[in-house]
Amino acid sequence: MLVGTQMVAKGHHFPGVELAAVVDADTGLGLPDFRAEERTFQLLTQLAGRSGRDAPGRVIVQTFQPDARAISHAARHDVAGFLAGELDRRRALGYPPFKHLVRIVVSGPESSHPLRALEELKAGLGGEELLGPAPLLRLRGRHRAQLVAKTDHPRALASRAASLLSAAAPAMRRASLSAVVDVDPQASG
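The written sequence of each chain sets the order in which its residues are numbered from 1. Confidence filtering applies because this is a predicted model: local features only for residues at pLDDT of at least 70, side-chain atom pairs given and counted only at 80 or more, and all residues used for totals across whole chains, interfaces and linings. Water and hydrogen atoms were dropped before computing side-chain values, which therefore reflect all heavy atoms in the structure.

A.B. asks: A description of the overall build of the protein chain should follow, citing residues and the corresponding values.
C.D. replies: Counting from the N terminus, the helices are the DSSP runs of H or I reaching at least four residues and the strands are the DSSP runs of E reaching at least two. Of the regular secondary structure elements, the protein chain holds 6 helices and 6 strands. If you list the helices and strands of the protein chain from N to C, you get β-α-β-α-α-β-α-β-β-α-α-β. Only protein chains enter the area calculation, which uses a 1.4 Å probe; residues under 20% of their type maximum are buried, those over 50% are exposed, and those in between are partly exposed. For the protein chain, the proportion of its 189 residues judged to be buried stands at 34%. By sequence separation, contacts in the protein chain at least 24 residues apart represent 70% of the contacts at least 6 residues apart. For this analysis, residues touch if any pair of their heavy atoms sits within 4.5 Å.

A.B. asks: Give a description of the pairing of strand β4 (residues 129–139) that names residues and reports values.
C.D. replies: For two strands to be treated as a pair, DSSP must find no fewer than two bridges joining them. Across 7 bridges, the pairing between β4 and strand β5 (residues 142–151) is antiparallel. Bridge pairing in β5 links L131 to V148. The hairpin formed by β4 and β5 contains 2 residues between the paired strands, and R140 there has a positive phi angle of roughly 50°.

A.B. asks: An account of the nonpolar core is requested, with residue identities and associated values reported.
C.D. replies: Working definition of a nonpolar core: buried Ala, Val, Leu, Ile, Met, Phe, Trp, Tyr and Cys residues. They are joined through side-chain atoms within 4.5 Å. Ranked by size, the top nonpolar core spans 17 residues in total, and within it V102, I104, V106, L118, L121, L125 and L147 carry the most contacts. Of all the secondary-structure elements, those providing two or more residues to this core are β3 (100–108), α4 (112–125), β5 and α5 (154–167). V22, A25, F41 and A70 belong to the second largest nonpolar core, which has 12 residues in total.

A.B. asks: Quick one: what's the story with the environment of R173, residue by residue and with numbers?
C.D. replies: With respect to the element layout, R173 can be found in helix α6 (residues 169–174). Between the C-alpha atom of R173 and that of G108, which follows or precedes it by 65 residues, the distance is 9.8 Å.

A.B. asks: Let's hear about the pattern of salt bridges: which residues, and what values?
C.D. replies: The salt bridge criterion pairs a side-chain nitrogen of Lys or Arg with a carboxyl oxygen of Asp or Glu, the two atoms within 4 Å. In total, this model carries 11 salt bridges according to the counting rule given. Of the charged contacts, one joins R69 and E37 as a salt bridge, the two residues approaching to 2.7 Å between their closest N and O atoms. Here R69, found in helix α2 (residues 69–75), pairs with E37, found in helix α1 (residues 36–48); they are 32 residues apart in sequence, far enough to count as distant. With a relative accessible area of 23%, R69 lands in the partly exposed category. For the salt bridge of D88 with R91, the shortest nitrogen-to-oxygen distance reads 3.2 Å. On the criterion of helical spacing, the pair formed by D88 and R91 is a turn pair, its members being 3 residues apart in helix α3 (residues 79–93). Salt bridges here are not isolated pairs; linked through shared partners, they connect E37, E38, R69, E86, R89 and R90.

A.B. asks: Pulling in residues and values, what's your account of the sheet that holds β5?
C.D. replies: The sheet built from 4 strands is open, its strands ordered β4-β5-β3-β6 with antiparallel pairing. The sheet is open, and its two edges are formed by β4 and β6 (178–183), each paired on a single side. The mean inter-strand angle of the sheet, taken between neighbouring strand axes irrespective of direction, is 20°. Relative to β5, β3 runs antiparallel, the two being bridged by 9 bridges. Across the sheet, V102 pairs through a bridge with A149, a residue of β5. To obtain an axis, a line is fitted to C-alpha atoms, over the contacting stretch when the element is a helix, and the angle between two such axes runs from 0 to 180 degrees between their N-to-C directions.

A.B. asks: Break down α4 for me, with residues and values.
C.D. replies: The α-helix winds at 3.6 residues per turn, so residues separated by three or four positions along the chain end up facing the same way. Each residue after the first adds 1.5 Å to the expected span of a helix. Its 14 residues place the ends of α4 20 Å apart at the C-alpha level, agreeing with the 20 Å of an ideal helix rising 1.5 Å per residue. Within α4, the full set of buried residues consists of P114, A117, L118, L121 and L125. Considered in projection along α4, the buried side chains sweep an arc of 95° and stay on one side of the axis. Exposed positions of α4 whose direction lies more than 90 degrees from the buried face are E120 and A123. Here the buried face of α4 lies against β3, β4, β5 and α5. Taken from the residues just after α4, G126 is the one with a positive phi, measuring 35°. What the arc describes is the spread of directions from the helix axis to the C-beta atoms.

And the structure:
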């Protein structure tokens, strides 16, 4: 018996594996990331590939959401169906690859200051589809918040955000705030 984390599914070959099991397969579906379904589907598909390489194998999936799209498509090994549905969903919601994301994170010692700074930035950006600002988990003792923009023109939006943040730099320094602008971020939170 081999017990492990997601790393077990990531490209390793373990000879003689006839049974693979996933516990709480739907945990990743609750993450606040537009890629959550894709990552869950990918993980389940990769884990299924660990079983039965040398002989017939089985995969057992424990989930509270057996009808979730990622889980039901993975159970049927329906890569094409999952991909088509995922692309339709992203097109309808304006996520990559159909739009670009620009993520602005502000952090500081007080919980309300990053949110306030991003509200002011949001007012200055206008005209874009903006999500947030929303608080994030604290990191290294600093309170954080983010603003995410969906856009067809990521460089122009990032440039406008940088100009607005530059103009606010003296006030941000006094409040010990820092900001990061990330075009097409690969991770959230």
